[in-house]
Amino acid sequence: MTAIQVNISRKLKGKDLITIGIFSAIYFVFNFIFMLVSGFHPVLWILMPGLIALFTGVPYMIMASKVQKPGAIFLMGFITGLIYFATGMFTVIILITFALACVLAEAVRYLTKYKSFAGNMVSFAVFSVGMIGSPLPVWLFKDSFFDQISEQGMSTEYLSSLNALANNTILVVMILAPAVLAIAGALIARALFKKHFEKAGIVKTWQR
Amino acid sequence: MIDINNVSFGYNREGDTLKNINLHIGKGECVLLCGKSGCGKTTLTKLVNGLIPHFTENCRLEGEVVAAGMEVARTELYELSKRIGSVFQNPKSQFFNLDSDSELAFGLENIGASPEYMRERLKTVVNELNVEGLEHRSIFSMSGGEKQALAFASVFAMNPDIYVLDEPTANLDGEAIEVLRRQIGKIKHQGKTVLIAEHRIYFLEDLIDRAVYMGNGEIARIYNGEEFFSLSEEQRVKMGLRKLSKEIPSVSRLPGRKTGCELVVKELCCEFKGIPVFDPVSFSAEAGEIVGITGCNGVGKSSLMRCIAGLVKQKSGKVLLNGKILTLRQRNKACFLVMQDVNHQLFGDSVWNECEMSAVYDNRLKIEDILRAFDLYSWKDSHPMALSGGQKQRLAIASGILTDKRILIFDEPTSGLDYEHMLAVSRVIRKLAERQHIILIVTHDMEFLNVVCDRTIMLTAKENGREA
Amino acid sequence: MAEINKNGQIIPIDPRTALLLLLLVTIAVFSQHSFYVEIATLLVIFGLFLYGGLAESGLKFVLQFGFLLLLQYAIFPVAPKLFTDTFSILAAYARKVLPCAMMGAFLVKRIPMRYIVLAMRKWRFPQKLIIPLSVTIRYFPAIREEMGYIRDAMKLRRISGAARIEAYIVPLMFSAANTAEELGAAAVTRGIENPAPKTSVIELRLCPRDYVLIGCGIVLAAAAFHLR
């Protein structure tokens, strides 16, 4: 009589790819909601990466728990970027920041061996910072941007207040906000893991 | 064609789900796997199509399974899939594509068939299975029955030698089951080997060569087709099996018990994107009465119930309770709807908490009573999503009762339930009727309908709802 | 005129052309400093809309663009300060990304998902990317359906405040996990893990109009870099 055990490979299998696809869909929908909301006011726009981080912690962490293999985050980021790009909503800048964030998040997961909550939380924080590519052009093309809008009859007070907003302190805040809120998002996810997902057995318990 | 030798299997280290299975199925045979929920019939189908062990983590498999000449455990799933086709129970989650044409070609594209061959083959599939109506469609415009027929057709396109069907009728109405029956007849005629796990059995008469009756993970007995369908009613019930012959809704109108409390639906009509879903419907129901509502898939039964419960606005008509016209909000408050997929309505983090969230007043005793009556008390600390399908169904009903609403609506409460659980649900519903609730049940499970309903309303596509 | 395939869907151009054009338009839009290039880009895309039988929707985009111009050059200079301050960045940004959004709309309306997948296969994108991407697109309508059911269920129960957010997210996640399991089983038993190169019933072929369009795109992108 032969006892057979299938060992779990590190390569992404069919089920992993489908899990990634489904949770990327949920990630995208949450992301998209805030993308739309951010159109209402410039301040929301600058806050957007942080807000997205706060609310997407749950789908990200579930996927991270279900697919403890290299490439999962990269695919999630790629899919998000590609859909935004194909619908004409992503600029080249955000594609670059997003890609960088995905690569770094994968690296964090690789170094922390995929299994720990803390490791995945840090990878999520890194991943979330990628969204800053959306408001970043305000800083990168500051001069041409301001030329353009001052041409359009913007009041000098507003320009100076925007200038103040577009200073380096705000830039730092904008980069830190998604990282900090991602930690909060991951902690919310952990609470829901304990309360629901682990208890119902749909995710693995994190290892130390 | 299929040889299962001395197989024992467990989903984890402890406990065997299957014990000492030996089963040999010849080429061209059609074999039914039956037995109560949890008897291991679905697990047995997974041994054949390779989901065990390839798709199941940390499982334990002893013994050997050979199908279509391949040793299942040592063959890659994609190799197995070339000669073993599988259809599953949930029509919603078997698709990768948004349109039916891509879906039909999906399996062939995966093995890298040539475009010329695929075009030829797809033509054959459409002709042989008579599925012209399924071509060039968006999947999201299809009814459950159509989706299941498409799932079958796309497996048929790959032309496998073995078909493994795991409760394919769980979500189908009578008409769709008839379509499936013809499809199975077709592949049997082609000399294919068919393994089918099912609760609903009647439609398989004349199709199956043998029936494997399972209990507690073991093969209890194997019947040949004739023997099986000539089992006495008494034996069938003892074995916990669904009816062996087709049921027709029987008209068993009980004398009206006038209680003064009455739900009246008058000329109710709903629209979806400007198109009427059904023609105006009128009927009434008394407190303590159980009214069954039936009709084909897609005729608007669920929309009618959602409208009565105030979840969608009606185009015209009204809903009255005790002579008073109810607004949408009042209908939300007066009705509880146990949905077809109860997964959407369980929010709690434990069975007990789920009940507490629903209970109108904090009443530990009442919750305890109801949980005991529903055989859920020993699970009170479990997470609702960790329960089995039948348990979830009962929990949703329990939480509905605790809301203390007058009108209770059940949408397909027996999909996928075996005989005993079907009876359990009908007992619970009877009890609710005794407590003077008004009960509406949407179902195409005729066996269940005859057991539980006092009266049946047939919804037909183009005419008014008719009372039977 | 645009050809109509047997699905009754109009496939005006090869999906690869449409994707390339989107890329070129994006490059043009973000590197141009010339009003002429901006207008030319818009006109090329509008022409594509007309060709694809989308005159009405194309006109809507053009009108939106006109409205933004009007806003920037005629209304902002005379409008109250608060109004101008609140909306000027938005208007500038909306005007900039409008051609991209327009091209994206064309893709969504006229190129079925199946053809995009085909284009990606032709470009030898790995299966590991194409599979999850198609699942993502396929799952969007399902999310909407699920949300509807959950909303219904909540109306029938008394759930309020922060519990509402939890009550949305939790069933959504459970359902996603279940679907992943079931869809995964259906996928692997239909050979999704087969390493053989995938084939397709439909064969793509570039024809002259595709080259013309790609040519237009290249000219626009080049002009964007050189015209000031």
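Residues numbered from 1 in each chain as written. Chains lettered and ligands numbered in written order. Predicted model: local features only at pLDDT ≥ 70, side-chain atom pairs only at ≥ 80, totals over all residues.

Draft legend 1. Summary view of the packing of helix α3 (residues 55-75) of chain C against helix α4 (residues 81-110) of chain C. Residues and elements named next belong to chain C. Direction vectors running N to C along α3 and α4 enclose 170 degrees, while the axes themselves pass 10 Å from each other. As the angle between them shows, α3 and α4 are arranged roughly antiparallel. In this structure, α3 uses S57, F61, Q64, F65, L68, L71 and Q72 to contact α4, whose residues at the interface are A91, A94, R95, L98, M102 and A105. Residues that form the contact of α3 with α4 fall into these classes: nine nonpolar, three polar and one charged. (Axes fitted to C-alpha atoms, helices over the stretch in contact; angles between N-to-C directions. Helix = DSSP H or I, 4+ residues; strand = E, 2+ residues; numbered from the N terminus. Parallel < 35°, antiparallel > 145°, perpendicular 65-115°, else oblique. Contact = placed C-beta atoms within 7 Å. Nonpolar A, V, L, I, M, F, W, Y, C, P; charged D, E, K, R; others polar.)

Draft legend 2. Spatial organisation of the interface of chain A and chain C. Taken together, the contacts link 43 residues of chain A with 48 residues of chain C. Within the residue set of the side of chain A that touches chain C, elements represented by two or more residues are α1 (14-37), α2 (42-66), α3 (72-86), α7 (142-151) and α9 (168-200) of chain A. Element by element, the count of residues in the side of chain A that touches chain C is highest for α1(A), at 14 residues. Residue composition of the side of chain A that touches chain C, by class: 27 nonpolar, 14 polar and two charged.

Draft legend 3. Inspection of the packing of helix α1 (residues 15-31) of chain C against α4(C) at higher detail. All names here are of chain C. α4 packs onto α1 with a crossing angle of 175 degrees between their chain directions and a minimal axis gap of 9 Å. The orientation of α1 with respect to α4, classified from their angle, is roughly antiparallel. Residues A18, L21, L22, V25, T26 and V29 of α1 form the contact with α4, whose own contacting residues are K96, P99, C100, M103, G104, F106 and L107.

Draft legend 4. Quick peek at the interface of chain B and chain C. Contacts between the two partners involve 51 residues from chain B, matched on the other side by 45 residues from chain C. Going through the elements one at a time, α3 (77-83), α4 (100-111), α5 (115-129), β18 (335-338) and α12 (351-358) of chain B are the ones with two or more residues in the side of chain B that touches chain C. Among the elements that make up the side of chain B that touches chain C, the one with the highest residue count is α4(B) (eight residues). A per-class count over the side of chain B that touches chain C returns 25 nonpolar, 19 polar and seven charged.

Draft legend 5. Layout of α9(A). Between its first and last C-alpha, α9(A) extends 46 Å over 33 residues, near the 48 Å set by a 1.5 Å rise per residue. If you look at α9(A), its biggest bend is around 55 degrees, right at F193(A). The set of residues buried in α9(A) consists of M174(A), A177(A), P178(A), L181(A), A182(A), G185(A), A186(A), A189(A), L192(A), F193(A), H196(A) and F197(A). Of the surrounding elements, those touching the buried residues of α9(A) are α2 and α5 (117-129) of chain A together with α7 (162-188) of chain C. Phi turns positive one or two residues past the end of α9(A), at G201(A), with a value near 80 degrees. (Expected span 1.5 Å × (residues − 1). Bend = angle between axes of the 7 residues up to and from the residue. Buried ≥ 20, exposed ≤ 12 C-beta atoms within 10 Å, placed from the backbone.)

Draft legend 6. Molecular detail of the sheet that holds strand β16 (residues 316-321) of chain B. Residues and elements named next belong to chain B. On the basis of which strands lie adjacent, the open sheet formed by four strands has the order β14-β11-β16-β17 and antiparallel pairing. Of all strands in the sheet, those bounded by a partner on one side alone are β14 (281-286) and β17 (324-325). Relative to β16, strand β11 (residues 262-269) runs antiparallel, the two being bridged by five bridges. Looking at β16, one finds that V264 is bridged to L320. (Pairing = 2+ DSSP bridges.)

Draft legend 7. Quick peek at helix α15 (residues 419-434) of chain B. Residue and element names in this part refer to chain B. Helix length check: α15 (16 residues) gives 23 Å between terminal C-alpha atoms against 22 Å at 1.5 Å per residue, within 8%. Restricting attention to buried positions, one finds in α15 the residues Y419, H421, M422, V425, S426, V428 and I429. Elements that come into contact with the buried residues of α15 comprise β15 (290-294), α14 (389-402), β20 (438-442) and α16 (446-452). Directly after α15, the chain includes Q436, whose backbone phi takes a positive value near 70 degrees.

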